[in-house]
Amino acid sequence: MSVPTEELPPLKASLEAVLMVVDEPVAEITLAQLLEVPTVQVAAALAELAGEYRAQGRGFELREIAGGWRFYTAEFCAPVVERFVTEGQQTRITQAALETLSVIAYRQPVSRARVSAIRGVNSDGVIRTLTLRGLIEDAGQDPESQATLYRTTGYFLERLGLRSLEELPELAPHLPDEITDIEDVSA
């Protein structure tokens, strides 16, 4: 049952209320459809809210991440929230998981076998862990080998603070200078 538009709270208040309860970024078009207002109007209101919060020095921010909008802790308040949430315990990503995640991020969609070949070690356990943590997901099957392919998730983008994979840094500046002949192993 739809509530008539004239009975809805003001746009900014409605956006704040919805964004306060989401657990993943929400696209402008989704918010516009929900609130029955033009997407352009929603985009402008979100940008205004984000600017207002920044200008006021609030402990939270409204950010556009991974194709949608969501509230986040302001960076200057992160240590306080981290202390509250973790109570001295931190779950860090292992070197193996970081390597595997990097291979998947830059080569996706990619099979377990290709990840293992690039890393030089079996990556099955790490891939299971990354899947359980919601950082990667099944991306279908390779038509030739029938191997399961993996890709990063929206949660991956969110955790890295990226809007899209195009914002990943280029690899070339991070490669050693002495490498002259790099063969594309994905071919």
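Model, not experiment: these values are computed from the prediction.

Visitor: What is the right way to read the nonpolar core from this model?
Guide: Note that soluble globular proteins tend to have their nonpolar side chains buried in a common cluster. Counting 18 residues, the largest nonpolar core has Leu-11, Leu-15, Leu-19, Leu-31, Val-42, Leu-46 and Leu-62 as the members making the most contacts within it. Among the secondary structure elements, those contributing two or more residues to this core are α1 (11–21), α2 (28–35), α3 (39–56) and β2 (68–73). Looking at this core element by element, the count peaks at 6 residues for α3. If we ignore the near neighbours within four places in the chain, the residues touching Val-42 are Leu-11, Leu-15, Glu-28, Leu-31, Ala-32 and Val-37. Residues Ala-97, Ile-104, Ala-105 and Val-126 belong to the second largest nonpolar core, which totals 17 residues.

Visitor: Is there a simple way to explain the sheet that holds strand β5 (residues 148–152) in this structure?
Guide: Two pairing modes exist for strands in a sheet, parallel and antiparallel, and in both the strands are linked by backbone hydrogen bonds. With antiparallel pairing, the 3 strands of this open sheet are ordered in space as β3-β5-β4. With one partner strand each, in any of the chains shown, β3 (110–111) and β4 (136–141) form the two edges of the open sheet. Where β3 lies against β5, 2 bridges are found, and the strand directions are antiparallel. If you follow Ser-111 over to β5, its bridge partner there is Leu-149. Packing against the sheet, helix α5 (residues 95–107) makes contact with β3, β4 and β5, and its axis sits at approximately 95° to β5.

About the cut-offs
- Residues numbered from 1 in each chain as written.
- Predicted model: local features only at pLDDT ≥ 70, side-chain atom pairs only at ≥ 80, totals over all residues.
- Heavy atoms only, no water.
- Core = buried A, V, L, I, M, F, W, Y, C linked by side-chain atoms within 4.5 Å.
- Buried < 20%, exposed > 50% of the residue type's maximum accessible area, 1.4 Å probe, protein only.
- Helix = DSSP H or I, 4+ residues; strand = E, 2+ residues; numbered from the N terminus.
- Contact = heavy atoms within 4.5 Å.
- Pairing = 2+ DSSP bridges.
- Axes fitted to C-alpha atoms, helices over the stretch in contact; angles between N-to-C directions.

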